[in-house]
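Topology and contacts: notes
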Amino acid sequence: MIQKISRLSAVALLLLLNLSCTQETTKEDTVTAVSKNGAVETTVSVEHADSADVLITRHKVWVKNNLVKEVTTRDTIPALGDTILPVTSNGNEIQQKARKDYEFYITVQ
């Protein structure tokens with residue numbers, strides 16, 4: 001009897017896990033305005049240079065609604081090369097060469 005219950009529990013757990021993984025995630029943590037009472041606002045971008053890319057990180061430190069410090073760093077990183085993208089021009093789809101972009105994954109602790 002206990003083995004039958006644990007099998008049913010395992011099946012139910014797998015079904016719940018599958019449902020939770022297949023549901024579309026919502027953007028409930030999307031920020032529309034920065035709280036300037038006490039925050040660090042960070043922007044990360046990549047600019048394509050000739051033979052390399054430049055990673056640009058900007059930090060704005062806000063304390064009691066005052067911008068107290070801005071820090072900008074620039075680091076050279078390897079370019080990812082080129083890719084072919086479909087582009088629509090005058091109703092016609094053409095293939096155009098473009099630089100590959102980095103993906104950003106940010107961990108906040």
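Residues numbered from 1 in each chain as written. Predicted model: local features only at pLDDT ≥ 70, side-chain atom pairs only at ≥ 80, totals over all residues. Heavy atoms only, no water.

For the rest of this paragraph, the subject is the overall build of the protein chain. When you go through the protein chain residue by residue, the secondary structure sums to one helix and five strands. Put simply, the protein chain runs from its N terminus to its C terminus through helices and strands in the order α-β-β-β-β-β. Sorting the 109 residues of the protein chain into buried and exposed places 7% on the buried side. Sequence separation of 24 or more characterises 31% of the internal contacts of the protein chain that already satisfy a separation of 6 or more. In the form shown here, the protein chain has an accessible surface area of approximately 9800 Å², with 54% of it arising from carbon and sulfur atoms. (Helix = DSSP H or I, 4+ residues; strand = E, 2+ residues; numbered from the N terminus. Buried < 20%, exposed > 50% of the residue type's maximum accessible area, 1.4 Å probe, protein only. Contact = heavy atoms within 4.5 Å. Areas by Shrake-Rupley, 256 points an atom, 1.4 Å probe, with all protein chains shown as cover.)

Attention shifts here to the confidence of the model for the protein chain. Mean pLDDT over the protein chain works out to 78, with 73% of the residues at or above the 70 mark. Across the protein chain, strand β3 (residues 66-78) holds the top mean pLDDT of 94, while helix α1 (residues 2-22) sits lowest at 49. Between residues 1-8, whose pLDDT stays under 50, and residues either more than four places distant or in other chains, the model counts zero contacts. (pLDDT = per-residue confidence, 0-100.)

Let us now look at the pattern of salt bridges. A complete count under the given rule lists four salt bridges for this structure. Taking the shortest distance from any N to any O, the salt bridge between Asp53 and Arg99 comes out at 3.2 Å. Of this pair, Asp53 sits in strand β2 (residues 52-63) while Arg99 is found in strand β5 (residues 92-99), placing the two residues 46 residues apart along the sequence. Salt bridges sharing common partners tie together Asp53, Asp82, Lys97 and Arg99. (Salt bridge = Lys/Arg side-chain N within 4 Å of Asp/Glu carboxyl O.)

On to the environment of Val34, then. Relative to the elements of secondary structure, Val34 occurs in the loop between α1 and β1 (38-48). By relative accessible area, Val34 is classed as partly exposed at 31%. For the pair Val34 and Trp62, spaced 28 residues apart in sequence, the C-alpha to C-alpha distance is 9.2 Å. In contact with Val34, other than residues within four places in its own chain, are Ala39, Glu41 and Trp62.

Now for the side chain of Asp53. Its relative accessible area of 1% is what places Asp53 among the buried residues. Side-chain polar atoms of Asp53 contact the side chain of His48, separated by 3.0 Å. Ignoring sequence-local partners within four residues, the contact set of Asp53 consists of Val46, Glu47, His48, Asp75, Thr76, Ile77, Pro78, Ala79, Leu80, Arg99 and Tyr102. (Polar contact = N/O pair within 3.5 Å; in protein donor to acceptor, adjacent residues only side chain to side chain.)

In this structure, β2 lies alongside β3, joined through twelve bridges in antiparallel fashion. The partner of Ile56 across the bridge, within β3, is Arg74. (Pairing = 2+ DSSP bridges.)

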